[in-house]
Amino acid sequence: MTVRVVLADDQTVVRAGFRALLDLTDDLVVVAEAADGIRAVEAVRTTRPDVVLMDIRMPGIDGIEATRRIAADRALDAIRVVMLTTYQVDSYVFEALRHGAAGFLLKDIEPDELRAAIRTVAAGQSLLAAAVTRSVVEEFARLKAPEALGAERLAPLTDREREVVALVAAGLSNTEIGAALIMSPLTAKTHVSRAMTKLGVRDRAQLVVLAYETGLVRAGER
């Protein structure tokens, strides 16, 4: 399967570098580029890619607002946005995850890791397995108190689904969750999917953010 990619970054050299890396593969193709957030949203609506590599800081509207607009458009539900940042701990990344980003990558990522990350996201998974992503979520969740309506937000979940969501927030895969709770990976995946549906989140990234914001898990806990 060919994965269609949109590159959104205000620096021409950055876009050119990522395009050069992706052009070396048969299954990854860049279908559009954008130098600001408004053009990024337009490119996504026009080309309907599988994955968007979105810079956080751009003119017009930034990558966070562009991501929010893409995530809010029901016609673009299948499109996955990955944020690009220069810093491992970036205050904007947490907001991007809240607004629908599937994860984030550092701009100095190794070529093979970049290609693998794009394939991972295109397959419907998030990039939360990376310790650096969890550290960002924890760091900025630590700075704000859990939502007062946390219990109400989580009320639709069964006890088992709460356990599963807590393990997702700890960075466990479906296989690892299954081993921890003595269930098959498929059953774990089903619990994760049901939890996302009940809570109205689009992917595991938002599920993790919500787990911290509601106080289901707290920074530093495992």
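Residues numbered from 1 in each chain as written. Predicted model: local features only at pLDDT ≥ 70, side-chain atom pairs only at ≥ 80, totals over all residues. Heavy atoms only, no water.

### Some points on the pattern of salt bridges
So the rule is basically this: Just to be clear on terms, a salt bridge is a Lys or Arg side-chain nitrogen sitting within 4 Å of an Asp or Glu carboxyl oxygen. Only DSSP runs of H or I with at least four residues qualify as helices, and only runs of E with at least two residues qualify as strands; both kinds are numbered from the N terminus onward. Working definition: with a 1.4 Å probe on protein chains only, accessible area under 20% of the residue-type maximum means buried, over 50% means exposed, and in between means partly exposed.
On inspection of all chains with the given rule, the structure shows 13 salt bridges. Residues K198 and E161 are paired through a salt bridge, measuring 2.9 Å at the closest nitrogen-oxygen approach. Residue K198 is found in helix 10 (residues 185-199), and its partner E161 is found in helix 8 (residues 159-169); the two are separated by 37 residues along the sequence. The class for K198 is partly exposed, based on a relative accessible area of 38%.

### Brief notes about the environment of R153
By secondary structure assignment, the location of R153 is in helix 7 (residues 150-154). The spatial distance from the C-alpha of R153 to the C-alpha of L199 is 7.3 Å, given a sequence separation of 46 residues.

### Side note on helix 11 (residues 204-213)
Counting buried residues in helix 11 gives 10 out of 10 residues, a clear majority hidden from the surface. All of the buried residues along helix 11 are R204, A205, Q206, L207, V208, V209, L210, A211, Y212 and E213. Downstream of helix 11 by one or two residues, G215 has phi in the positive range, about 85 degrees.

### Concerning the nonpolar core
Selection criterion: Buried Ala, Val, Leu, Ile, Met, Phe, Trp, Tyr and Cys residues form a nonpolar core when they are joined through side-chain atoms within 4.5 Å. When checking whether two residues touch, look at their non-hydrogen atoms; a contact exists if any pair is within 4.5 Å.
V52, M54, I70 and M83 are the most contacted members of the largest nonpolar core, which totals 29 residues. In contact with M83, other than residues within four places in its own chain, are M54, D55, I56, G63, I64, T67, A96, A101, G103, F104 and L105.

### Here's the deal with the sheet that holds strand 4 (residues 80-85)
The cut-off we apply is this: Strands were regarded as paired on the criterion that DSSP finds at least two bridges between them. Simply put, an axis is a line fit to the C-alpha atoms, just over the touching stretch for a helix, and the angle between two N-to-C directions goes from 0 to 180 degrees.
Judged by pairing direction, the sheet is parallel, and its 5 strands sit side by side in the order 2-1-3-4-5 without closing on themselves. With one partner strand each, in any of the chains shown, strand 2 (28-34) and strand 5 (103-106) form the two edges of the open sheet. The average angle at which neighbouring strand axes cross in this sheet is 25 degrees, direction not considered. Alignment of strand 1 (residues 3-8) against strand 2, held across 6 bridges, turns out to be parallel. Residue V6 lies in a different strand from strand 2, and its bridge partner there is A32. Sitting on the sheet, helix 5 (residues 111-122) touches strand 1, strand 2, strand 3 (51-55), strand 4 and strand 5, and the angle it makes with strand 3 is about 120 degrees.

### Side note on the environment of V29
Looking at where V29 falls in the secondary structure, it is placed in strand 2. For V29, a relative accessible area of 32% translates into the label partly exposed. Taking the C-alpha atoms as reference points, V29 and R4, 25 residues apart in sequence, are found 5.2 Å from one another. The contact partners of V29, leaving out residues within four places of it in the chain, are T2, V3, R4 and V5.

### Topic: the packing of helix 8 against helix 11
Stated formally: Angles below 35 degrees are treated as roughly parallel, those above 145 as roughly antiparallel, those between 65 and 115 as roughly perpendicular, and all remaining angles as oblique. Classes in brief: Ala, Val, Leu, Ile, Met, Phe, Trp, Tyr, Cys and Pro nonpolar; Asp, Glu, Lys and Arg charged; the others, Gly included, polar.
Their axes nearest at 9 Å, the elements helix 8 and helix 11 cross at an angle of 105 degrees. Comparing the axis directions of helix 8 and helix 11 gives the class roughly perpendicular. Contacts from V165, V168 and A169 in helix 8 reach R204, L207, V208, A211 and Y212 in helix 11. Class assignment for the residues of the contact of helix 8 with helix 11 results in 7 nonpolar, no polar and 1 charged.

### Some points on helix 5
The condition that has to hold: Residue count minus one, scaled by 1.5 Å, sets the expected span of a helix. Taken from the helix axis, the directions to the C-beta atoms give the arc we talk about.
Spanning 12 residues, helix 5 covers 17 Å between terminal C-alpha atoms, matching the ideal 16 Å at 1.5 Å per step. Where helix 5 is concerned, the buried positions are L114, R115, A117, I118 and V121. All buried residues of helix 5 lie within an arc of 160 degrees about the axis, which places them on one face of the element. In this fold, the buried residues of helix 5 make contact with strand 1, helix 1 (12-22), strand 2, strand 3, strand 4 and strand 5. Two residues or fewer past helix 5, G124 is found with a positive phi of approximately 95 degrees.

### With respect to unusual backbone geometry
Positioned with a positive phi, R48 is a non-glycine residue whose angle comes to about 50 degrees. Residue position: R48 is located in the loop between helix 2 (37-47) and strand 3. We classify R48 as partly exposed; its relative accessible area is 43%. A positive phi angle is found at I182, which is not glycine, with a value near 55 degrees.

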